[in-house]
Amino acid sequence: KNKNKYIWPKITQPKLPFSKREKIPEEERKKLIREQKPNRKYHDFNMIISAPYTVVKEYQAEQMIADAGQLNEYIGFILNGEIRMVSTDYWGRNSILWRASPHTIIGMSTCFNSMHATLPAPIFSVISSKIIFIHSHSLLEDGKRHNYLPQLLVNLLEAAGTNHLMLLERIVHLSRRNTREKLLAFLSDYARNTRSNEFDIPMTRQEIADYLAVERSAMSSELNKLKKENIIDFKNNHFILKSINAL
C-alpha cells in the first residue's frame, strides 16, 4: 500500500490563495518590521508590507501552500521556515524541484510572465513557516506611487538571480553520470556554500535522494563506499569532506 499522500496532484481551477482585498493590520506590520530589523538586505521592507493586497500566512509542517495548475498573482517573502516544490508521479515517486529558505522571494516566474503560466508542481511547507504574500502588479504600482520602485526592482532582480543560480546548481548535480558523482557534486557545493568542509545537511536521506533523482538504497551504498575510502565521513546529517587524493 502506498502511504504517500501527495500522489498525482489534482489540477485546480485558477484561484487566489486568499482574498485580494486583505491588507496587513498596522500592529502586525510594526511587529514584522521589528522582527526583520536585523536583515538589512531588503531596505524597502517597510514599504513592501505597507502595500495594498498584502497578507501574512502561517503554515504547519507538510502543509500545502499552493497546488499544481494554480494561477499565481502573488510573490512571497519567506519570513521563517522552509518550503519546497515537490513533483510526484503516478506511482508516488517524489522529486524535489527546488527549496527556499528565509529571506527568499518566491513566485516571480509565474507572476511576471506574459504566458500566464501556472504552477508546475505543488508547493509545501517543510516545517512551520511564515510567508508574506503581496499582489505582484499592485506592488509595482504602489512602488511607483511611493518612489521605492527602483530599490524594489533591484531586490527582485537579485532574488531572480539567486533563484537562477539555485536551478543551475541543481542542473549541475543532475547532469552527473551516476549516483556517486551526483553525491560528490552535491556535497562539494554544500561545502562551498557553507565555506567549510564540515557541515550539517537539514534533509533526510530520502529527501537527498529525491533531490538528486536517485534511489535511496543506491545512494546509501555510495555514501558508505565514500566513507570507507576516506573521502568523506558522516554521522546522521553531519558531514565532513576529507581526502582529495582518494578521488
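Residues numbered from 1 in each chain as written. Predicted model: local features only at pLDDT ≥ 70, side-chain atom pairs only at ≥ 80, totals over all residues. Heavy atoms only, no water.

*Asks:* With reference to specific residues and values, describe the nonpolar core.
*Replies:* Ranked by size, the top nonpolar core spans 22 residues in total, and within it F186, L187, F199, I201 and I232 carry the most contacts. Listed by contribution, the elements that provide at least two residues to this core are α6 (179–194), α7 (205–212), α8 (216–228), β10 (232–235) and β11 (238–241). The biggest single contributor to this core is α6, with five residues. Excluding residues that lie within four positions of it along the chain, I201 makes contacts with F186, L187, Y190, I208, N237 and F239. Membership of the second largest hydrophobic core comes to 17 residues, among which are I75, L79, C111 and L152. (Core = buried A, V, L, I, M, F, W, Y, C linked by side-chain atoms within 4.5 Å. Buried < 20%, exposed > 50% of the residue type's maximum accessible area, 1.4 Å probe, protein only. Helix = DSSP H or I, 4+ residues; strand = E, 2+ residues; numbered from the N terminus. Contact = heavy atoms within 4.5 Å.)

*Asks:* For the packing of α6 against α8, give the residues involved together with the corresponding values.
*Replies:* Interhelical geometry of α6 versus α8 gives an angle of 70° and a closest axis separation of 9 Å. Between α6 and α8, the interaxial angle falls into the category roughly perpendicular. Two packed elements cross with a definite hand, and for α6 against α8 that hand is right-handed. In contact with T179, R180, L183 and L184 of α6, α8 contributes A218, M219, E222, L223 and L226. Partitioning the contact of α6 with α8 into residue classes produces six nonpolar, one polar and two charged. (Axes fitted to C-alpha atoms, helices over the stretch in contact; angles between N-to-C directions. Parallel < 35°, antiparallel > 145°, perpendicular 65-115°, else oblique. Left-handed = near helix turned anticlockwise from the far one by under 90°. Nonpolar A, V, L, I, M, F, W, Y, C, P; charged D, E, K, R; others polar.)

*Asks:* Any details on the environment of A51? Residues and values, ideally.
*Replies:* As for its position among the elements, A51 is in the loop between α2 (45–48) and β1 (54–59). Measuring from C-alpha to C-alpha, the distance between A51 and L139 comes to 6.1 Å, with 88 residues separating the pair along the chain.

*Asks:* How would you summarise the packing of aromatic side chains if you had to cite specific residues and measurements?
*Replies:* Overall, the coordinates contain five aromatic pairs when judged by the stated rule. Considering the side-chain rings of Y190 and F199, the 5.5 Å spacing of their centres and the 25° angle between planes classify their relative orientation as stacked. Here Y190 and F199 have matching classes, each one buried. Connected via pairs of aromatic rings, a cluster forms that spans F186, Y190, F199, Y211, F234 and F239. (Phe/Tyr/Trp six-rings, centres within 6.5 Å; stacked < 30°, edge-to-face > 60°.)

*Asks:* Residues and numbers for the packing of α7 against α8, please.
*Replies:* Orientation of α7 relative to α8, taken along the N-to-C sense of each, is 105°, at an axis distance of 9 Å. Taken together, the axes of α7 and α8 lie roughly perpendicular to each other. In this structure, α7 uses R205, Q206, I208 and A209 to contact α8, whose residues at the interface are R216, M219 and L223. When the residues that make up the contact of α7 with α8 are grouped by side-chain class, the tally is four nonpolar, one polar and two charged.

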